[in-house]
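Survey of secondary and tertiary structure
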Amino acid sequence: MKKGKFFLMLMVIGLIISPALVFAGGETDSAAGSSDLPKKIGYVTNYATHEWYQNVIKGMQDRCDELGIELEVLDANLDMAKEVAMVEDLMARGVDALIVTPVDAAGTVALVKKAKMEGIPMVLEGNRVDGMEVLVAICDYDAGYKGGLETGKIAAKMGISPKVLAVDLPALNACVLRVDGFMDGIKVNAPDAVLVHRVDGKGSKDEALQVSTDALTQDSDINVIYGCNDNSSLGAYQAFKAAGLNEDELIICGTGLEGLAAVYALQEIPAYMVEAAMLPEKNGLTCVDAAVSLYRGEELPEHIVSATIALTKDTWENLYGIDADGKRYPKWDAINALETEAQCTKY
Amino acid sequence: MENEKKLNLGERLLMFNELLLLGVLIVIALLITIGEPKFISILNLKNIIRDSSQILIAGIGMTMLLIAGDVDLSIGSLIAFSTVVFMDVVNKTNNFWFGLLAVLALGAFVGLINGIVVSKFKVNALIGTIAMMMILRGSVYLYSMASIQNFHHLDIFTAFGNGYFGPFPVPVVLMVVLFAGFYIVINKTVFGRRLYATGGNMKAARISGIRTSKLRIQTFVMSSTLAALSGAILCSRMNSGQPNSGNGYELTVIAGVILGGTSLEGGKGTLIGTLLGVLIMRVINNGIILLQWNQDLQIVFSGFVIILAVFLDNKRQAAKAKIITT
């Protein structure tokens with residue numbers, strides 16, 4: 001009987017303290033969570049077929065591998081409905097943090113709210129969204145400005161008055177800012193620079209080739225080409241070449257260094273002298289770091305600026321190398337040492 | 001002749017579609033020249049013809065398809081795939097001809113599948129080729145997510161899209177040869193007559209002994225092979241293979257063909273009309289940039305031009321019906 005009472009008491013005590021232990025355990029886990037790393041991060045990109053995003057993902061993957069975090073990447077392929085479904089799916093599957101490149105800023109507002117309600121830290125990449133916690137993005141105006149500054153220096157050295165063909169993508173505010181920045185930057189060292197043509201290359205090389213062909217017909221004395229992305233500058237260069245114009249006094253500045261194309265251009269095309277590099281791998285790494293910090297409950301600025309820099313034929317190898325398979329790799333020490341703006345000059 | 005007299009002047013003019021288009025082309029060209037005299041510079045005219053050649057090569061195939069009562073919406077994706085395959089094979093083999101052969105084989109294969117799906121599986125051409133468009137666009141990304149750069153810089157590769165035969169750009173010479181060849185095929189051969197018969201009334205064509213399925217498959221194969229060739233030219237002009245290229249290309253080609261007077265209902269159309277239709281579209285786009293107008297007007301004008309072309313086609317058909325019934 002005494003034995004029975006003893007076991008009964010043990011059971012009662014066990015029943016009383018077990019929830020307390022479970023709760024305490026939960027608290028312990030939660031506390032550990034605030035100081036430890038997330039187990040899994042989900043990233044929904046808007047357009048994984050673009051080389052920029054492929055290298056953003058590469059930067060994320062490198063950082064996650066380093067930290068021992070599982071990264072799951074989904075591609076919305078420019079479809080907002082798909083993006084909503086993918087983010088909700090990742091939330092339902094219990095990822096510890098989310099990174100989202102919005103297909104549409106307005107359409108992402110509801111996702112930001114939902115992530116807050118679910119208590120899932122969400123980092124936005126590229127585009128600002130109302131109600132967001134943290135945005136990781138480059139400063140587009142400043143990237144263009146740096147490219148313009150370097151181009152202006154070269155133009156002054158060559159003694160040319162820049163007549164600029166800018167291949168823009170007006171549908172994207174980021175591209176418009178880059179072109180504006182480039183023109184402001186080039187005028188610092190070449191005050192007589194003129195924007196002769198601003199055409200819509202739609203971000204693709206075939207379209208940039210065609211519209212630049214027409215623009216160069218009208219103004220064959222153009223001597224500076226600026227592209228708001230690599231496809232734009234390279235498409236315009238092909239048009240310049242096909243028109244048989246004089247490349248000796250031509251300066252090309254691209255934007256992005258999104259993939260291998262601009263690397264080859266810097267190596268092989270004499271006129272391709274400047275690249276406003278947006279360092280996608282660094283952007284990806286910064287997104288992961290921001291997601292980890294949010295997961296830990298750390299305070300972050302609303303906009304974490306990802307580094308950009310104007311590179312030339314002589315300097316691009318400071319930040320990137322080409323491996324034996326012909327693939328580029330980032331030199332992380334040099335990239336991580338780059339200084340970034342505290343905030344963008346223009347949004 | 002008696003009956004034609006019963007048509008008013010506008011209706012009579014409509015009966016001469018090519019002349020009408022030529023007139024429109026000249027008027028547009030004159031208007032642009034007034035705004036920007038550089039329009040008639042040799043450089044600009046060469047650029048217009050070079051660009052149009054690439055569209056026209058694909059347009060030849062599309063004209064044949066529409067005459068036969070079919071359509072192919074997959075050519076934009078096929079062009080993207082062709083640029084990537086062409087560049088990749090040239091890189092891997094260091095041989096231009098292997099690259100070209102691979103691209104033409106790809107085009108023929110895609111055309112064969114499209115033809116079988118449409119004529120044997122009885123899938124509507126619009127639906128079947130939209131499906132192929134999706135398959136090809138997805139496949140090109142599976143093949144290569146990134147653009148493929150030119151490693152060997154073979155002279156012949158560069159000349160294919162950018163070089164000259166005497167004073168004429170290579171794509172223009174290619175287009176002229178193909179245009180002449182297919183003009184004969186469409187207008188002077190049994191195949192051509194069967195094409196019109198099939199598009200005009202497939203059932204009647206079948207009853208009269210034409211193997212319409214075989215003919216439609218052959219037309220799809222020719223059309224896709226020509227589109228792939230157009231992709232190879234684009235690849236040379238871009239100096240790289242671009243999986244993102246060719247977006248909306250099918251609509252540009254179809255718009256030019258329809259504007260040229262080829263009926264979406266089949267059985268009607270000419271290559272001369274297509275030539276003029278493509279040139280009108282290209283001149284409008286060129287003029288908008290030369291005049292420094294808002295580039296979005298290119299899309300707006302293209303839309304208006306297509307509506308106008310279909311409207312004129314309807315009027316023409318009504319006028320023809322008037323001749324027959326009176």
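Residues numbered from 1 in each chain as written. Chains lettered and ligands numbered in written order. Predicted model: local features only at pLDDT ≥ 70, side-chain atom pairs only at ≥ 80, totals over all residues.

Next up on the list: the overall build of chain A. Along its length, chain A carries 11 helices and 14 strands. Counting over 347 residues, chain A shows a buried share of 51%. When contacts within chain A are restricted to residue pairs at least 6 apart in sequence, long-range pairs at least 24 apart make up 73% of them. (Helix = DSSP H or I, 4+ residues; strand = E, 2+ residues; numbered from the N terminus. Buried ≥ 20, exposed ≤ 12 C-beta atoms within 10 Å, placed from the backbone. Contact = placed C-beta atoms within 7 Å.)

Let's shift gears to helix α12 (residues 249–259) of chain B. All names here are of chain B. For α12, a buried count of 10 out of 11 residues is recorded, marking the element as mostly surrounded by other parts of the structure. Listed as buried for α12 are Y249, E250, T252, V253, I254, A255, G256, V257, I258 and L259. Phi for G261, located one or two positions after α12, is positive at around 100°.

Looking now at the packing of helix α7 (residues 205–218) of chain A against helix α8 (residues 230–242) of chain A. Residues and elements named next belong to chain A. The interhelical angle for the contact between α7 and α8, taken along N-to-C directions, is 45°, at an axis separation of 7 Å. Accordingly, the angle class assigned to the pair α7 and α8 is oblique. Of the two possible hands of crossing, α7 and α8 adopt the one that is right-handed. Facing α7, whose interface residues are K205, D206, A208, L209, S212, T213 and L216, α8 presents N231, S232, L234, G235, A236, Q238, A239, F240 and A242. Grouping the constituent residues of the contact of α7 with α8 by class yields 8 nonpolar, 6 polar and 2 charged. (Axes fitted to C-alpha atoms, helices over the stretch in contact; angles between N-to-C directions. Parallel < 35°, antiparallel > 145°, perpendicular 65-115°, else oblique. Left-handed = near helix turned anticlockwise from the far one by under 90°. Nonpolar A, V, L, I, M, F, W, Y, C, P; charged D, E, K, R; others polar.)

What follows concerns the nonpolar core. Ranked by internal contacts, the top residues of the largest apolar core, which has 189 residues, are A:I41, A:L98, A:V123, A:L165, A:A291 and B:A232. For this core, the element with the highest residue contribution is helix α11 (residues 212–238) of chain B, accounting for 14 residues. When residues are assigned to domains, this core turns out to be shared by domain 1 (40–138 + 281–306) and domain 2 (140–277) of chain A, each giving three or more. Look past the residues within four positions of A:A291 in its chain and what remains in contact with it is A:P38, A:I41, A:A97, A:I99, A:P121 and A:V123. (Core = buried A, V, L, I, M, F, W, Y, C linked by C-beta atoms within 7 Å. Domains from an automatic or database assignment.)

This part takes up the sheet that holds strand β3 (residues 97–100) of chain A. All names here are of chain A. Strand order across the open sheet formed by 6 strands is β2-β1-β3-β4-β5-β11, with parallel pairing between neighbours. If you trace the sheet from one side to the other, it starts and ends with β2 (70–75) and β11 (303–305), each paired once. Each adjacent strand pair in this sheet contributes to an overall mean axis angle of 20°, direction not counted. Here β3 runs beside strand β4 (residues 122–125); their pairing, made up of 3 bridges, is parallel. Looking at β4, one finds that V100 is bridged to L124. (Pairing = 2+ DSSP bridges.)

The next subject is the packing of helix α5 (residues 96–120) of chain B against α11(B). Residue and element names in this part refer to chain B. Here α5 crosses α11 at 145°, and the two axes come no closer than 7 Å. Crossing geometry of α5 relative to α11 is assigned as right-handed. Residue classes in the contact of α5 with α11 are distributed as 17 nonpolar, 10 polar and 2 charged.

Residues and elements named next belong to chain A. Here chain A shows a mean pLDDT of 89. Residues at 70 or above account for 90%. Taken element by element, the predicted model of chain A shows its lowest mean pLDDT in helix α1 (residues 2–35) (45) and its highest in strand β8 (residues 224–227) (98). Predicted confidence for residues 14–34 stays below pLDDT 50, and this span has 2 contacts to residues more than four positions away or in other chains. (pLDDT = per-residue confidence, 0-100.)

Our next topic: the interface of chain B and chain A. At the interface, 28 residues of chain B touch 24 residues of chain A. Taken together, the elements giving at least two residues each to the side of chain B that touches chain A come down to α3 (42–67), α11 and α13 (271–290) of chain B. Looking at which element gives the most residues to the side of chain B that touches chain A, the answer is α3(B), with 4 residues. Looking at side-chain class alone, the side of chain B that touches chain A contains 9 nonpolar, 15 polar and 4 charged residues.

To continue, consider the pairing of strand β5 (residues 134–137) of chain A. Residues and elements named next belong to chain A. Here β5 shows no split at all, with V134 and V136 on one side and L135 and A137 on the other all buried. Pairing geometry for β4 and β5, over 3 bridges, is parallel. Paired with L124 across the strands is L135, a residue of β5. As paired strands, β5 and β11 are joined by 3 bridges and run parallel to one another. Note that in β11 the partner of V136 across the bridge is I304.

Residue and element names in this part refer to chain B. The residue L215 is located in helix α11 in this model. Among the residues examined, L215 registers 21 C-beta atoms within 10 Å and is labelled buried. Linking L215 and F191, residues 24 residues apart in sequence, is a C-alpha distance of 8.0 Å. Apart from residues lying up to four places away in sequence, L215 is in contact with A68, R194, L195, T198 and I210.

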